[in-house]
Amino acid sequence: MRERSYDVVIVGSGAGGGTVAKELAPLCRQGLSVAVLEWGAKLPDDAFTGRELEMAGQLYFDSGGVLTAEGTMTLAFGRAYGGSTVVYTGTSLIIPPATVGRWAVPGIAWDDLAKRSRKYLAENNVHLQEDEVLNENNTLFRDGCETLGYRVQQFPVNLKGCKGSSLCNLGCPNAAKQGTNRVQLPAAEAAGVEVITNCRVDRLGDRELFTTVAEAGYGEPSRWEPGDYRVKARAVVLAASAVNSPALLLRSGFGARLPVLGRYFTAHPALILVAEHDRPISSFYGHPKSFYCDHFTASHGFLLETCMYFPFTTAKNLIGFGAEHAELMRRMDRMQMILVLAIDPALPENRVTVDANGDPVVHYRFTEEVLTALLESMRASARIFFAAGARRVHAPASASFFIGREDASRVDELIARRHLKLGRNSITSAHLMGGCRMGTSPADSVTDAWGRVHGVPWLSVADASLFPRAAEINPYVTVMALADRVAEKVRADLPELGHA
Amino acid sequence: MQSLTEREWEFLTTCLAARIAPDSAAFDADGRRRFREIVAGALAQRPEAMVKQIRLFLGVLRRAPALRYGRTLDRLSPERQDAVLRWFQDAPVQKLRQGLWGVKALVYMGTYAQPEVAPGLHYTPSFDGNAHLHA
């Protein structure tokens, strides 16, 4: 086994890991060493082909189809240089004050998170796109919401030179999306941080990581030769996602001292609805996600967002099969899509565990409240589609494949609870949160408000697994703000930390 | 790890695919080959236990109709095949619903993940999508 030694090792290069890397990069000028260990590959710019299966296989764990233990939800999270920031749509929101209030973590104040968030909004060129580049899939959603009196807002997005490929979730082919792969990691590397790709961390010991480098078969080769490595560090920061950070800690034996490790996992469970218009609309030209409706977040526990997906993803999210399904699929140019997300509660039984091989297993039970929120969100979406002039709507919990505009007034009757059945409906999640929640005591949390693991001064967490409850919005900017705090504390604590 | 047997492939690619994704029935030899390669590739990436479950479910799907109709699924009329598939889709047992969803996902992957089918779906994205916005 080969050995390496650094002052700080960061596991993961997404919103959390990339941010910590950039914020700790100045340490390199002081003669200290910082490394990022990233499981995924770094793809060169011309490797982003937009081909659905090819990109899903190279950029996501399990091609975007990690199943929960119950088999009722698929989880999509990135595995690449840049993590999930390579495959998200770049919508960039500051967490609302009320959400931070509900988090109720002593030491976490909204003012602080907002200030740090704004730093990254500026760094990532976050702005509102001009009207002329908003496509009809988005403007019809806005218009439908406004007609119905639903509050609708435009998403600020982190783009520079966007050409509207609509392929964001398969990696931007125009290098326009300002994820950590474009902003924070290059800055960190320029300052001397080493990023080792194709590197899986198998286990954590006392200030050491046992890792394996194996070439992926695509992307750039790792800095390290393939093989096993023992990496020593004075400080370790885990930013491997809300699935892999708790899993790594669990298979490394930290569960005994941290009884809630892996627990309180939340996911914003989501469904896709599709409507067909009488005419072609510009749905896959232009940025796919320009608007959201938070009108029902407080009252009914759901969010609505515009979205546009690819043929296979769309097909598998439709309920039904056969002639009707094929008929709808043949007119993707007339499709308008809405993504509905439920705000789910943080429950101790929703958790990440590991199997006999140490691989993560996510256990997730849907509450009746979440299923009701998904049902209501579908009804609201159907109303928006019809208000926008759609000819017919496909809702995953409707009595028939299509609801025609002649039945628009019967949406509440036709989209019914008895048709929303786990296993029948394709529920997904790309907002994975919790598992290493912040708090004040090991009895009910894994880390303190600075992301430091209770009782382990050299170990921190800096990803969405810190969230004690759901973010209620897209989580990525909040991850960056929390990661900024983690980096600040690591910098402050480092002089007191030695190697094992 | 064994993927599917030839009989299971035959059942998936002819009987099931024809009912679930009718457009796959019109594939030429290249399309059928790509369908099989895509599905085989997906199965190869799955844990062995999951592939066993899929194979088991394919067996249930094929044989269960014999209890009611006296014939396996592949020997029923298209209308009855659809009725059986709808039953599984809405089955009272969650595992059966999940099984059907999984089979559908494989068929849709084999059909719609082929870039060659995109024009037939009127799905014509462009790296410079903005140039088409007001065309």
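Residues numbered from 1 in each chain as written. Chains lettered and ligands numbered in written order. Predicted model: local features only at pLDDT ≥ 70, side-chain atom pairs only at ≥ 80, totals over all residues. Heavy atoms only, no water.

## A short note on the overall build of chain A
Okay, step 1: Counting secondary structure elements, chain A contains 14 helices and 21 strands.
Okay, step 2: With respect to the three principal axes, the spread of C-alpha positions in chain A is 70 × 45 × 45 Å.
Okay, step 3: The 500 residues of chain A split such that 65% are buried.
Okay, step 4: Within chain A, contacts between residues separated by at least 24 positions form 75% of all contacts whose residues are at least 6 apart in sequence.
Okay, step 5: Positive and negative side-chain charges of chain A, numbering 52 and 54 respectively, have mean locations separated by a distance of 1 Å. (Helix = DSSP H or I, 4+ residues; strand = E, 2+ residues; numbered from the N terminus. Buried < 20%, exposed > 50% of the residue type's maximum accessible area, 1.4 Å probe, protein only. Contact = heavy atoms within 4.5 Å. Lys, Arg positive; Asp, Glu negative; His and termini not counted. Charge placed at Lys NZ, Arg CZ, Asp CG, Glu CD.)

## Description of the overall build of chain B
Okay, step 1: Helix and strand content of chain B: six helices and zero strands.
Okay, step 2: Counting helices and strands in the order they occur from the N terminus, chain B gives α-α-α-α-α-α.
Okay, step 3: Judged by the C-alpha coordinates and their principal axes, chain B covers about 55 × 35 × 30 Å.
Okay, step 4: Per-residue burial over chain B gives 46% buried out of 135 residues.
Okay, step 5: Contacts in chain B between residues at least 24 apart in sequence constitute 68% of all its contacts with a sequence separation of at least 6.
Okay, step 6: Within chain B, the 14 negative side-chain charges are centred at a point lying 10 Å from the centre of the 19 positive side-chain charges.

## Description of the nonpolar core
The tendency in soluble globular proteins is for nonpolar side chains to be buried side by side.
Okay, step 1: Formed by 164 residues in total, the largest nonpolar core has its most connected members in Val8(A), Leu459(A) and Leu16(B).
Okay, step 2: Ranked by residue count, the leading element in this core is helix H14 (residues 476-493) of chain A, at ten residues.
Okay, step 3: Not counting residues within four places of it along the chain, the set of residues in contact with Leu16(B) comprises Phe11(B), Leu58(B), Leu61(B), Leu73(B), Leu85(B) and Val103(B).
Okay, step 4: If you look at the next biggest cluster of nonpolar residues, it comprises 52 residues, including Ala242(A), Val243(A), Cys293(A) and Phe386(A). (Core = buried A, V, L, I, M, F, W, Y, C linked by side-chain atoms within 4.5 Å.)

## Here we look at the interface of chain B and chain A
Okay, step 1: Taken together, the contact between chain B and chain A spans 39 residues of the former and 52 residues of the latter.
Okay, step 2: Both faces considered, chain B and chain A share a buried interface measuring about 3,800 Å² in area, 59% of it formed by carbon and sulfur atoms.
Okay, step 3: When the buried surface of chain B facing chain A is broken down by residue, Trp101(B), Tyr123(B) and Phe127(B) rank first, second and third, together holding 19% of it.
Okay, step 4: Here chain B and chain A share three salt bridges between them.
Okay, step 5: Arg330(A) is the partner of Asp23(B) in a salt bridge, and the nearest nitrogen-oxygen pair spans 2.7 Å.
Okay, step 6: At the boundary of chain B with chain A, the tally comes to 20 residue pairs in polar contact (both at pLDDT 80 or more).
Okay, step 7: Those elements giving two or more residues to the side of chain B that touches chain A turn out to be helix H1 (6-20), helix H5 (78-89) and helix H6 (94-112) of chain B.
Okay, step 8: Here the side of chain B that touches chain A is built from residues that sort into 17 nonpolar, twelve polar and ten charged. (Buried area = accessible area lost by both parts, 1.4 Å probe. Salt bridge = Lys/Arg side-chain N within 4 Å of Asp/Glu carboxyl O. Polar contact = N/O pair within 3.5 Å; in protein donor to acceptor, adjacent residues only side chain to side chain. Nonpolar A, V, L, I, M, F, W, Y, C, P; charged D, E, K, R; others polar.)

## Observations regarding the packing of H1(B) against helix H2 (residues 29-44) of chain B
Residues and elements named next belong to chain B.
Okay, step 1: Across the interface, H1 lies against H2 with an axial gap of 12 Å and an inter-helix angle of 120 degrees. The pairing of H1 with H2 is recorded here as oblique in orientation. Pair H1 / H2 crosses with right-handed handedness. For the pair formed by H1 and H2, the contact residues are Glu-6, Trp-9, Leu-12, Thr-13 and Ala-17 on the first element and Phe-35, Arg-36, Val-39 and Ala-40 on the second.
Okay, step 2: Split into classes, the residues belonging to the contact of H1 with H2 amount to six nonpolar, one polar and two charged. (Axes fitted to C-alpha atoms, helices over the stretch in contact; angles between N-to-C directions. Parallel < 35°, antiparallel > 145°, perpendicular 65-115°, else oblique. Left-handed = near helix turned anticlockwise from the far one by under 90°.)

## Looking at the confidence of the model for chain B
Detailed reading of the predicted coordinates is not advisable wherever pLDDT is low.
Okay, step 1: In the predicted model, chain B carries a mean pLDDT of 95, and 99% of its residues have values of at least 70.
Okay, step 2: Confidence metrics for the complex model read pTM 0.97 and ipTM 0.97. (pLDDT = per-residue confidence, 0-100.)

## Let's talk about helix H5 (residues 110-123) of chain A
Residue and element names in this part refer to chain A.
Okay, step 1: Helix length check: H5, at 14 residues, gives a terminal C-alpha distance of 20 Å against a target of 20 Å (1.5 Å per residue), a fit within 8%.
Okay, step 2: Of the surrounding secondary structure, the elements contacted by the buried residues of H5 are helix H1 (15-24), helix H4 (97-103), strand S5 (126-127), helix H7 (184-190) and H14.
Okay, step 3: Among the residues trailing H5, Asn-125 stands out with phi positive, at a value near 60 degrees. (Expected span 1.5 Å × (residues − 1).)

## Observations concerning the pattern of salt bridges
Residue and element names in this part refer to chain A.
Okay, step 1: On inspection of all chains with the given rule, the structure shows 43 salt bridges over all chains.
Okay, step 2: Where Arg-279 meets Glu-136, a salt bridge forms, and the shortest distance between an N and an O atom there is 2.9 Å. Taken together, the residues span a long stretch of sequence, with Arg-279 in the loop between strand S12 (270-276) and strand S13 (291-293) and Glu-136 in helix H6 (residues 136-148) at a distance of 143 residues.
Okay, step 3: Accessibility expressed as a relative area gives 24% for Glu-136, which makes it partly exposed.
Okay, step 4: Bridged by salt links that share partners, the residues Lys-22, Glu-23, Asp-112, Arg-116, Lys-119, Glu-123, Asp-484, Arg-485 and Glu-488 form one connected network.

## Section: the packing of H1(A) against H14(A)
Packed helix pairs are characterised by how far apart their axes lie and by the angle those axes make with each other.
All names here are of chain A.
Okay, step 1: Put simply, H1 and H14 touch, their axes get as near as 8 Å, and they point 40 degrees apart. As summarised for this structure, H1 and H14 are arranged oblique, according to the angle between their axes. H14 is crossed by H1, and the crossing has right-handed handedness. For the pair formed by H1 and H14, the contact residues are Ala-15, Gly-16, Thr-19, Val-20, Glu-23 and Leu-24 on the first element and Tyr-476, Val-479, Met-480, Ala-483, Asp-484, Ala-487, Val-490 and Arg-491 on the second.
Okay, step 2: Looking at the contact of H1 with H14 residue by residue, the classes come out as nine nonpolar, two polar and three charged.

## Brief notes about H5(B)
Residue and element names in this part refer to chain B.
Okay, step 1: Relative to the 16 Å expected for twelve residues at 1.5 Å per residue, H5 spans 16 Å between its end C-alpha atoms, a close match to the ideal helical length.
Okay, step 2: Listed as buried for H5 are Gln-81, Asp-82, Val-84, Leu-85, Phe-88 and Gln-89. End-on view of H5: buried residues confined to an arc of 160 degrees, all on one side of the axis.
Okay, step 3: Among the structural elements, H1, helix H3 (48-63), helix H4 (65-69) and H6 are those in contact with the buried residues of H5. (Arc of directions from axis to C-beta.)

## Brief notes about unusual backbone geometry
All names here are of chain A.
Okay, step 1: You will see that Ser-63, though not glycine, has its phi angle at about 55 degrees, which is positive.
Okay, step 2: Counting through the fold element by element, Ser-63 comes out in the loop between helix H3 (52-59) and strand S3 (66-67).
Okay, step 3: In this structure Ser-63 comes out as partly exposed when scored by relative accessible area, which is 29%.
Okay, step 4: With a phi angle near 60 degrees, Asn-125 is a residue other than glycine that sits in the positive phi range.
Okay, step 5: One can find Asn-125 in the loop between H5 and S5.
Okay, step 6: On the basis of relative accessibility, which here comes to 30%, the residue Asn-125 falls in the partly exposed class.

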